[in-house]
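Residue-level listing of the chains:
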Amino acid sequence: MTTNADTPQVRRRRTPAGAAVLREEVTEAIRAAVFEELAAVGYARMSIEGIARRAGVGKTAVYRRWRSKLHLVLDLVSAVAVQGLPAPDTGSLEGDLRLLYEVTSRALRHPVAGQIIPDLQAEAARNPDIAEAMQKALREGQQSVANGIVASAVARGEIREAIDKDLALDLISGPLYWRAVVVRGPKLPKGYLEGLARSTAGALRAL
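On a predicted model such as this, the values are computed, not experimentally measured, just so you know.

A. Fine view of the side chain of Thr 200. Relative to the assigned elements, Thr 200 resides in helix α9 (residues 192–206). Of note is the side chain of Thr 200, whose polar atom sits 2.8 Å from the backbone oxygen of Leu 196. Ignoring any residue separated from it by four or fewer positions in sequence, one finds Thr 200 in contact with Leu 97, Tyr 101, Leu 171 and Ile 172.

So this is what it looks like as structure tokens:
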């Protein structure tokens, strides 16, 4: 006769089939596919099927991570807006602004971004959820970097401590987005970023 020590009374539960570990490489492939699909067909025509096909995965792999294309796009907008910007630390206000503008300008001029941003803005005018997510994500990402630049400049004595941070955010972040979204020129004029950094630094000192 076997004893309790020989025969466990409680069997180890099997992992349910639907609870598979989400592989990071699959998640990243789906995210990349979303950007490509958005650029190719736009949000309105984008589908989970198209995303899955472009990523080389089944539809269930997408649905395990996001329950709809809306949630997928909202998640990407939030993630990219927050993590895509650097925290400049060049030792001067003008240098920090110049570095920020160089990185932001390259990102905004990327062909995929040039197609996706206007499309999502048009969709945001029809979809309050997208509008709210874009506004929140973009503002939080820009505000974090702008506040860091301002704090460093205050610590160095380049601008005064009582500066209006909301106005500073508008001055720092506004010009390049105006160029990207409204003007949409293919190329910035020579010396534009240097002049913008110099002018913005002067405006911040005057606040």
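Now, onward.
B. Region of the structure containing the pattern of salt bridges. Under the defined criterion, the tally for this structure stands at 11 salt bridges. Arg 23 serves as the salt-bridge partner of Glu 25, at 3.0 Å between the closest nitrogen and oxygen. You can call Glu 25 partly exposed: its relative accessible area is 48%. With its nearest N and O atoms 3.9 Å apart, the salt bridge here joins Glu 24 to Arg 31. On the basis of relative accessibility, which here comes to 25%, the residue Arg 31 falls in the partly exposed class.

C. View of helix α1 (residues 24–45). Taking 1.5 Å per residue as the helical rise, α1 with its 22 residues ought to reach 32 Å, whereas the 26 Å between its terminal C-alpha atoms falls clearly short. Approximately 85 degrees is the largest bend angle found in α1, and it occurs at Ala 39.

D. Fine view of the side chain of Arg 65. Considering the arrangement of structural elements, one finds Arg 65 in the loop between α3 (59–63) and α4 (69–83). Buried within the structure, Arg 65 lacks any salt-bridge partner; Glu 24 is the closest side chain of opposite charge, at an N-O distance of 7.2 Å. Within the structure, the side chain of Arg 65 is placed 3.3 Å from the backbone oxygen of Arg 23, a separation counted as a polar contact. Among all residues touching Arg 65, those that are not within four sequence positions of it are Leu 22, Arg 23, Val 26, Thr 27 and Ile 30.

E. The nonpolar core, seen in detail. The biggest cluster of nonpolar side chains holds 28 residues, and the ones touching the most others in it are Ile 30, Val 34, Tyr 43, Ile 51 and Val 73. Counting only elements with at least two residues in this core, the list comes to α1, α2 (48–55), α3, α4, α6 (111–124) and α7 (128–155). With 7 residues, the top contributor of residues to this core is α1. With near-sequence residues (within four places) excluded, Ile 51 lies in contact with Ile 30, Ala 33, Val 34, Glu 37, Met 46 and Leu 72. Formed by 23 residues, the second largest nonpolar core is a distinct cluster that contains Val 145, Ile 159, Tyr 192 and Leu 204.

F. Examining α2 more closely. The complete set of buried residues in α2 reads Ile 48, Gly 50, Ile 51, Ala 52 and Ala 55. Remark: Gly 56 follows α2 within two positions and exhibits a positive phi of approximately 75 degrees.

G. Spatial organisation of a nonpolar patch on the surface. Taken together, the side chains of Trp 178, Val 182 and Val 183 present a nonpolar region at the surface, about 300 Å² in accessible area. Residue position: Val 183 is located in helix α8 (residues 165–183).

H. Fine view of the packing of aromatic side chains. Summed over all chains, the structure comprises 0 aromatic pairs. Over the face of the ring belonging to Tyr 43 we find Lys 69, whose NZ or CZ atom lies 4.5 Å from the ring centre. The residue whose ring lies beneath Arg 179 is Tyr 192, and the NZ or CZ to ring-centre distance is 4.7 Å.

I. Representation of the confidence of the model for the protein chain in the model. When pLDDT is averaged along the protein chain, the result is 81; 82% of the residues meet or exceed 70. Here α4 stands out as the least confident element of the protein chain, with mean pLDDT 72; α9 is the most confident, with 96.

J. Representation of the packing of α1 against α2. Taken N-terminus to C-terminus, the directions of α1 and α2 make an angle of 120 degrees; their axes are 8 Å apart at the nearest point. One way to sum up the angle between α1 and α2 is to call them oblique. In this structure, the crossing between α1 and α2 has a hand that is right-handed. For the pair α1 and α2, the contacting residues are Ala 29, Ile 30, Ala 33, Val 34, Glu 36, Glu 37 and Ala 40 in the first and Gly 50, Ile 51, Arg 54 and Ala 55 in the second. For the contact of α1 with α2, the residue count by class is 7 nonpolar, 1 polar and 3 charged.

What counts as what
- Residues numbered from 1 in each chain as written.
- Predicted model: local features only at pLDDT ≥ 70, side-chain atom pairs only at ≥ 80, totals over all residues.
- Heavy atoms only, no water.
- Helix = DSSP H or I, 4+ residues; strand = E, 2+ residues; numbered from the N terminus.
- Polar contact = N/O pair within 3.5 Å; in protein donor to acceptor, adjacent residues only side chain to side chain.
- Contact = heavy atoms within 4.5 Å.
- Salt bridge = Lys/Arg side-chain N within 4 Å of Asp/Glu carboxyl O.
- Buried < 20%, exposed > 50% of the residue type's maximum accessible area, 1.4 Å probe, protein only.
- Expected span 1.5 Å × (residues − 1).
- Bend = angle between axes of the 7 residues up to and from the residue.
- Lys, Arg positive; Asp, Glu negative; His and termini not counted.
- Core = buried A, V, L, I, M, F, W, Y, C linked by side-chain atoms within 4.5 Å.
- Patch = residues over 30% accessible without salt bridge, like charges linked within 9 Å, V, L, I, M, F, W, Y side chains within 5 Å.
- Areas by Shrake-Rupley, 256 points an atom, 1.4 Å probe, with all protein chains shown as cover.
- Phe/Tyr/Trp six-rings, centres within 6.5 Å; stacked < 30°, edge-to-face > 60°.
- Lys NZ or Arg CZ within 6 Å of the ring centre and 35° of its normal.
- pLDDT = per-residue confidence, 0-100.
- Axes fitted to C-alpha atoms, helices over the stretch in contact; angles between N-to-C directions.
- Parallel < 35°, antiparallel > 145°, perpendicular 65-115°, else oblique.
- Left-handed = near helix turned anticlockwise from the far one by under 90°.
- Nonpolar A, V, L, I, M, F, W, Y, C, P; charged D, E, K, R; others polar.

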